[in-house]
Amino acid sequence: MKENLNSITIFLEKEVGLFAGINKIEELKRLLYELYLIHNWSLDDIKKNPDIKKFFKKNLQGNKKFLELKKILLELRYPVASKSEPHFSAYLPPLNLPEKNLNPLLNKDFVPEKIFIQNSIKNLPLTLSVLKKFPKVHQIHFDKIKDIPKDKTKFLTDMGKRDIYLIDESFDIIKPCPCTKKAVSCNYFILNLGFGCPYDCSYCYLQHYMNITGILLPMNLDSFFKQASSILDQNKFNFFRIGTGEFFDSLALDSIVNYSSHLIEFFRTKKMLFEFKTKSNNIENLLKIKDVPKNIVISWSLNPQKIIDTEERYTASLKERLEAAQTLIAKGYKVGFHFDPIIYYAEWKEDYEEVLNLLFEYTKGKISWISVGSLRFYRKLKSIVEHRFPEDSYFYGEFILDPQDNKMRYPNLIRKHIYTNMLAFIKKHSSKIPVYLCMESAEMYKEIYGTIKTTQEIEKEFK
Ligand code: SF4
């Protein structure tokens, strides 16, 4: 990797003869480096490219030389976006690659390294039951989270995956799902029972969203549900779908905290849908529930197994997720599925169609909803991924900056191609299941469905 960067620098200085500012040089270095990663193109391959050959013949000088080379490299690096997006903007930060992979090795069977315990909940039954499961783990007591010293140097390596915080949660009990500007909202609400995750997905936004190096687990369930009840009963926001899976995998730690049984009893009498969203197959507690309520939906995020292997570390395999869904359908649960994030690569179509075939084979089409969304992320995630997962290639796709919400997305043309195909694959099996797009604009809805869906229309389909 390093040798490559050195030869890129020598190429730009000696062969191109470019004497531009450091930022400009860094942009070109990134483009050449990413072309090498994506296509395995050496500098000799680049030099054989007809446009590069013409560039050398022109013998341009100064800024013109820089602009011309950048234009050619951008067209090679972003072949779809450079032709189809009139104002496309590439993200070309300086290369700052780590000496080694910083990704910590975690255990699939989660055992915390340390347990932080808030004093106000230390004697509650749930706290005692969690502590009983890990008698040998070091315990640290505290009064307020803000008093715990933060080891910032550890943050990037640990990412809050090793420690748990047993806390007294009394803020932000319910909040709206952080949709994205100008996207058609599906009016989803988040119940803040748990924050953080023991899994380690490369695309997880929690990597830059979390500011605490541990998984927060509320222990004060009585007061938590009392507060939730008073918010839901006021029903200021016309709650209809609510879940715990946005800042937390709803079932990943269920064998430790057994939130599921409390949530099911709490929502049993509410006139709304409650969704457990997961990438796990921890369904033991769900199987113990007698008389499964009709308003509980267990949903899985799905991807081809090769994406699970490289991007969704420590999660259940595709087969394990589908088997869990099949078992829960037999038990009387409703199930849903999220193809989100869909990752675009050469064989994506065949791979995702195969997942859909398997999905319908396992569920026999008894599916409450399917959502589809494509990989998107804030720019800062790219450098985190480069540091934590340097072997990851999917973040070198054709991502361009979407000025509407400052997220990196595939160009419209690619996203439209993904959604059109996914909807057609689903339709081959069933045209009755509600399918919605995740974090997409009204224009994209119109392109895909021929009409702009409103939030109310999407919600009506769930009802
Ligand atoms: S399962 Fe969800 S919350 Fe957990 S690491 Fe993956 S994306 Fe993040």
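Up top is the structure.
Residues numbered from 1 in each chain as written. Predicted model: local features only at pLDDT ≥ 70, side-chain atom pairs only at ≥ 80, totals over all residues.

Per the secondary structure count, the protein chain includes 20 helices and 17 strands. Long-range contacts, defined as pairs at least 24 residues apart, comprise 78% of the intrachain contacts of the protein chain with a sequence gap of at least 6. (Helix = DSSP H or I, 4+ residues; strand = E, 2+ residues; numbered from the N terminus. Contact = placed C-beta atoms within 7 Å.)

What follows covers the sheet that holds strand β3 (residues 164-167). An order of β2-β1-β3-β7 is seen for the four strands of this open sheet, with the pairing classed as parallel. On the outer flanks of this sheet lie β2 (138-142) and β7 (215-218), each paired with one strand and no other. Taking each pair of neighbouring strands and ignoring which way they run, the sheet shows an average axis angle of 25°. Where strand β1 (residues 114-118) lies against β2, five bridges are found, and the strand directions are parallel. Each residue of the ladder has a partner; that of I115, found in β2, is Q139. (Pairing = 2+ DSSP bridges. Axes fitted to C-alpha atoms, helices over the stretch in contact; angles between N-to-C directions.)

Further remarks concern the site of the ligand. Lining the immediate surroundings of the ligand are C197, Y199, D200, C201, C204, L206, D249 and K279. Its residues assigned to classes, the shell around the ligand shows five nonpolar, no polar and three charged. (Near = placed C-beta within 6 Å. Nonpolar A, V, L, I, M, F, W, Y, C, P; charged D, E, K, R; others polar.)

Moving on: the pairing of strand β5 (residues 188-191). Relative to β5, strand β4 (residues 174-176) is paired through three bridges, and the arrangement is antiparallel. Looking at the pairing, K175 lines up with I190 of β5. Sheet topology note: the β5/strand β8 (residues 241-243) ladder contains three bridges and is parallel. Across the sheet, residue Y188 finds its bridge partner in β8, namely R241.

With that settled, the discussion passes to the packing of helix α18 (residues 412-429) against helix α19 (residues 442-449). It is the contact of α18 with α19, at a shortest axis distance of 10 Å, that shows an interaxial angle of 45°. On the basis of their axis angle, the class for α18 and α19 is oblique. Considering only the axes of α18 and α19, their crossing is right-handed. Facing α18, whose interface residues are R415, K416, Y419, T420 and L423, α19 presents M444, E447 and I448. (Parallel < 35°, antiparallel > 145°, perpendicular 65-115°, else oblique. Left-handed = near helix turned anticlockwise from the far one by under 90°.)

Note that an α-helix has 3.6 residues per turn; residues three or four places apart therefore point the same way. Its 16 residues give helix α16 (residues 348-363) an end-to-end C-alpha distance of 22 Å, which sits within 8% of 22 Å, the value for a rise of 1.5 Å per residue. In the stretch just after α16, K364 is the one whose phi turns positive, near 55°. (Expected span 1.5 Å × (residues − 1).)

Right, let's talk about the environment of S255 for a bit. With respect to the helices, strands and loops of the structure, S255 is situated in helix α11 (residues 254-257). Discounting chain neighbours no more than four positions away, the residues touching S255 are N282 and E284.

This part covers unusual backbone geometry. Here the amide bond leading from D340 into P341 is cis, since omega sits at 10°, within 30 degrees of zero. Structurally, the position occupied by P341 is in strand β12 (residues 334-342). The phi angle at M439 is positive, at roughly 55°, despite the residue not being glycine. As for its position among the elements, M439 is in the loop between β17 (435-437) and α19.

So, on to the nonpolar core. Among soluble globular proteins, nonpolar side chains are generally buried collectively. Residues L217 and V372 are the most contacted members of the largest nonpolar core, which totals 94 residues. Aside from chain neighbours lying at most four places away, what touches V372 is F339, D340, I342, Y419, M422, V435, L437 and C438. One finds L31, L35, I46 and L73 within the second-largest nonpolar core, a separate group that totals 11 residues. (Core = buried A, V, L, I, M, F, W, Y, C linked by C-beta atoms within 7 Å. Buried ≥ 20, exposed ≤ 12 C-beta atoms within 10 Å, placed from the backbone.)

Limitation: the analysis is restricted to geometry and does not speak to function.
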